[in-house]
Amino acid sequence: MSTELDPILRVRDLRTSFFTDRGEVRAVDGVSFDVPRGSTVCVVGESGSGKTAMARSVLQVVDRPGRVVSGSIDYRAEAEAAPADLAGMDPRGQAIRRIRGKEISMIFQEPMSSLSPVHTVGRQILELLTEHEGLKRRDPAARERVIDALRGVGIPRAEERIDAYTFQLSGGMRQRAMIAMALITNPRLVIADEPTTALDVTTQAQILDLLAELKESADLSLMFITHDLGVVAEIADRVVVMRHGKVVESGPVDQIFHDPRHDYTKELLSSLPQRGDRGNGRAVITPRRAPAAAEVRPLLEVDRLSMEFTTSAGRRLGPRRKTVVKAVDGVSFQVRPGQTLGIVGESGCGKTTLGRTLLRAYRPSSGAIRYRAEPDAAVVDLAGLGERELLPYRRQLRMIFQDPYSSLNPRMTVQQVVAEPLHAAGETRRDVLRDRAAEALRRVGLRPDMLNRYPHAFSGGERQRIGIARALITGPKLVVADEAVSALDVSVRTQVLELLAELQRELGLTYVFVSHDLSVVERVCDEVAVMYFGKIVEHGPASAIFADPQHDYTKALLSAVPIADPDERGSRQRIEYRPEPVG
């Protein structure tokens, strides 16, 4: 039983700085808080507030040139045990290594950069067992334990996925593998840095349920870093609010949500999207009046589109089994000019593959993608065009990518990043490229004097604005936004949604909005298509889908959306949808 007098972790006056050529940057500036044993403490705040730097400081894994400068981090494995000051330990010493990964584990935010691309997922998880429990790498029992861990976090066909590499898994699958790695040693304290950001609502609900079960059965304590206040309301016992490296407010979850004291906490809560927000004055993409079907022809008509991949699984030196995966399976829909179509579904359902196939990043296995640039223009089937024939349409169909960190080349300046589509289309005049890039930055609310900077100098929200500028510089008709706001905190997310709404009104854009955040989809989309195992199982107006879903899978998705009110915790029945895979 946790009490305030029995903290498993006590942080006092913690300071972590990054020493750069321009001087000292205080990422964590005098932070103090407790994690009571057996409780869940959620740390919230916008990008750059110091949440991640603080979490990494606990385990002494701060990226260079940063380091813990002062303060104490007292960890007590047992209530009666003497505290161990983690801040005073050598980051590379045996003392901290015995604790790191065994007694205190961490779920990192970006699994693609945290997991090795040259080793299988199973081998990387197994490494923890060999390091901390002395198990042999070739021990069948160890392999079975890894498979059970993967199964426990909801990874299907775990006996095959154990031999997969990170690039063979979807973003959600990679995040689940990271969570399995953190939990396999049965730690006492788990530090989870945005562990559900890349997950759809159903998988997020499964992971939160799993953490809740472990918290009860194994007396697990949890420090949960997130920008999703709906998740905070669902799981937190206490909340710590950070801004500019400092704690501005902390307290029980009920007090933070219903009686916030600090203006910044109130600002975060006011930015929170909730189901039913359409029309309440918050950011909603409001396109031009959607024309009736008889008035105008569709901009894009997708007819029985399929995209198949051939994969192989098995041991490196053993037999390999080839499998055909239907990522997109006979999908049909229309998108009219000025509309926003939402594509929703769980990780691995095929929504990102669908978005990329629409833009012909992939050549579809079958089906048609009929595109009409203007109402009176001829129809072109993009699915059947070769690379040279596609060039004129690359300018008209653009994408905003999911991850604002990995989608921008760190070796290129902002000008080079933003102007790259123009250069690829044949524009080589330097003055034209610079002027167009400057105008694109102004349009997304950034200054032209930022053109010569590199992506690392910008926050996550600013990087996503750069990605939007890159997508719009060619004057597109259709923009596919692939999880364009999922990696952003609530306040920045609201700003980006307002920007997308403004650009749609100004430029008459048509959006295909791929997202797992249903509260955002309800606010910004005219129509919604729900995907499951590569198929669209339900499609209709957003108001009808959210008010009266017809398909059981849609009902399951909506039932898993967290409610941003701790008083409503546990009040709604969770619907599970577990049929046999389609096809």
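Residues numbered from 1 in each chain as written. Predicted model: local features only at pLDDT ≥ 70, side-chain atom pairs only at ≥ 80, totals over all residues. Heavy atoms only, no water.

Chemist: What is the right way to look at the overall build of the protein chain in this model?
Modeler: Regarding its fold elements, the protein chain presents 20 helices and 20 strands. Its C-alpha atoms give the protein chain a radius of gyration of 24 Å, near enough to 25 Å, the size a compact globule of 583 residues would have. Residues counted as buried form 53% of the 583 residues belonging to the protein chain. Taking contacts inside the protein chain between residues at least 6 apart in sequence as the whole, the part at least 24 apart equals 69%. When the accessible surface of the protein chain is totalled, it reaches about 26100 Å², and 47% of it is carbon and sulfur. Treating the 80 positive side-chain charges of the protein chain as one cloud and the 78 negative ones as another, the clouds have centres 6 Å apart. (Helix = DSSP H or I, 4+ residues; strand = E, 2+ residues; numbered from the N terminus. Rg over C-alpha atoms; globule rule 2.2 N^0.38 Å. Buried < 20%, exposed > 50% of the residue type's maximum accessible area, 1.4 Å probe, protein only. Contact = heavy atoms within 4.5 Å. Areas by Shrake-Rupley, 256 points an atom, 1.4 Å probe, with all protein chains shown as cover. Lys, Arg positive; Asp, Glu negative; His and termini not counted. Charge placed at Lys NZ, Arg CZ, Asp CG, Glu CD.)

Chemist: So what exactly am I meant to see when it comes to the domain arrangement of the protein chain here?
Modeler: In many analyses, interface size is given as the accessible surface area lost on bringing the parts together. Considered domain by domain, the protein chain is made up of domain 1 (7-103 + 187-271), domain 2 (117-186) and domain 3 (300-312 + 322-563). If you average the C-alpha positions of domain 1 and of domain 3, the two centres end up 33 Å apart. Across the boundary between the two partners, domain 1 contributes 18 residues, which contact 18 residues of domain 3. Summed over both sides, the interface between domain 1 and domain 3 buries roughly 1700 Å², with carbon and sulfur atoms accounting for 56% of that surface. Linking domain 1 with domain 3 are two residue pairs in polar contact (both at pLDDT 80 or more), by the criterion used here. Tallied by class, the residues present in the side of domain 1 that touches domain 3 amount to seven nonpolar, eight polar and three charged. (Domains from an automatic or database assignment. Buried area = accessible area lost by both parts, 1.4 Å probe. Polar contact = N/O pair within 3.5 Å; in protein donor to acceptor, adjacent residues only side chain to side chain. Nonpolar A, V, L, I, M, F, W, Y, C, P; charged D, E, K, R; others polar.)

Chemist: Mind showing me how you'd approach the nonpolar core here?
Modeler: One recurring pattern in soluble globular proteins is that nonpolar side chains are buried together. Ranked by size, the top nonpolar core spans 57 residues in total, and within it Val418, Ile468, Phe513 and Val528 carry the most contacts. At six residues, helix α17 (residues 490-507) tops the list of elements feeding residues into this core. If sequence neighbours within four positions are ignored, Ile468 has contacts with Ile400, Val444, Val496, Leu499, Leu500 and Leu503. Residues Leu129, Ala142, Ala158 and Met173 belong to the second largest nonpolar core, which totals 56 residues. (Core = buried A, V, L, I, M, F, W, Y, C linked by side-chain atoms within 4.5 Å.)

Chemist: How do you make sense of the packing of helix α4 (residues 121-132) against helix α5 (residues 140-152) when you look at a structure like this?
Modeler: Where α4 contacts α5, the two axes come as close as 10 Å, and the packing angle between them is 110 degrees. Put simply, α4 runs roughly perpendicular to α5. Crossing angle aside, the handedness with which α4 passes α5 is right-handed. Together, Val121, Gly122, Ile125, Leu126 and Leu129 of α4 and Ala142, Arg145, Val146 and Leu150 of α5 make up the contact between the two elements. When the residues that make up the contact of α4 with α5 are grouped by side-chain class, the tally is seven nonpolar, one polar and one charged. (Axes fitted to C-alpha atoms, helices over the stretch in contact; angles between N-to-C directions. Parallel < 35°, antiparallel > 145°, perpendicular 65-115°, else oblique. Left-handed = near helix turned anticlockwise from the far one by under 90°.)

Chemist: It is not clear to me how the packing of aromatic side chains should be interpreted in this structure. Could you clarify?
Modeler: Given two aromatic rings, their pairing is described by the distance between the two centres and the angle made by the two planes. All chains considered together, the criterion is met by five aromatic pairs. When the ring of Phe309 is compared with that of Tyr362, the centres are 5.4 Å apart and the planes differ by 85 degrees; the resulting orientation is edge-to-face. Residue Phe309 is located in strand β11 (residues 300-313), and its partner Tyr362 is located in the loop between α12 (351-358) and β14 (366-371); the two are separated by 53 residues in the primary sequence. Each member of the aromatic cluster is reached from another via a ring pair, and the members are Tyr532, Phe533 and Tyr553. (Phe/Tyr/Trp six-rings, centres within 6.5 Å; stacked < 30°, edge-to-face > 60°.)

Chemist: Hey, could you run me through the pattern of salt bridges in this one?
Modeler: Charged atoms that come close allow side chains of opposite charge to pair. Per the stated rule, a full pass over the model turns up 30 salt bridges. With a shortest N-O distance of 2.9 Å, Arg143 and Asp163 are connected by a salt bridge. Of this pair, Arg143 sits in helix α5 while Asp163 sits in the loop between α6 (158-161) and α7 (171-183); the two residues are 20 residues apart in sequence, bridging distant segments of the chain. For the salt bridge of Arg304 with Asp303, the shortest nitrogen-to-oxygen distance reads 3.4 Å. Taking the relative accessible area as the measure of exposure, Arg304 reaches 58% and is therefore exposed. Through salt bridges with shared partners, a single network forms among Asp13, Arg15, Glu24, Arg26, Asp29 and Lys246. (Salt bridge = Lys/Arg side-chain N within 4 Å of Asp/Glu carboxyl O.)

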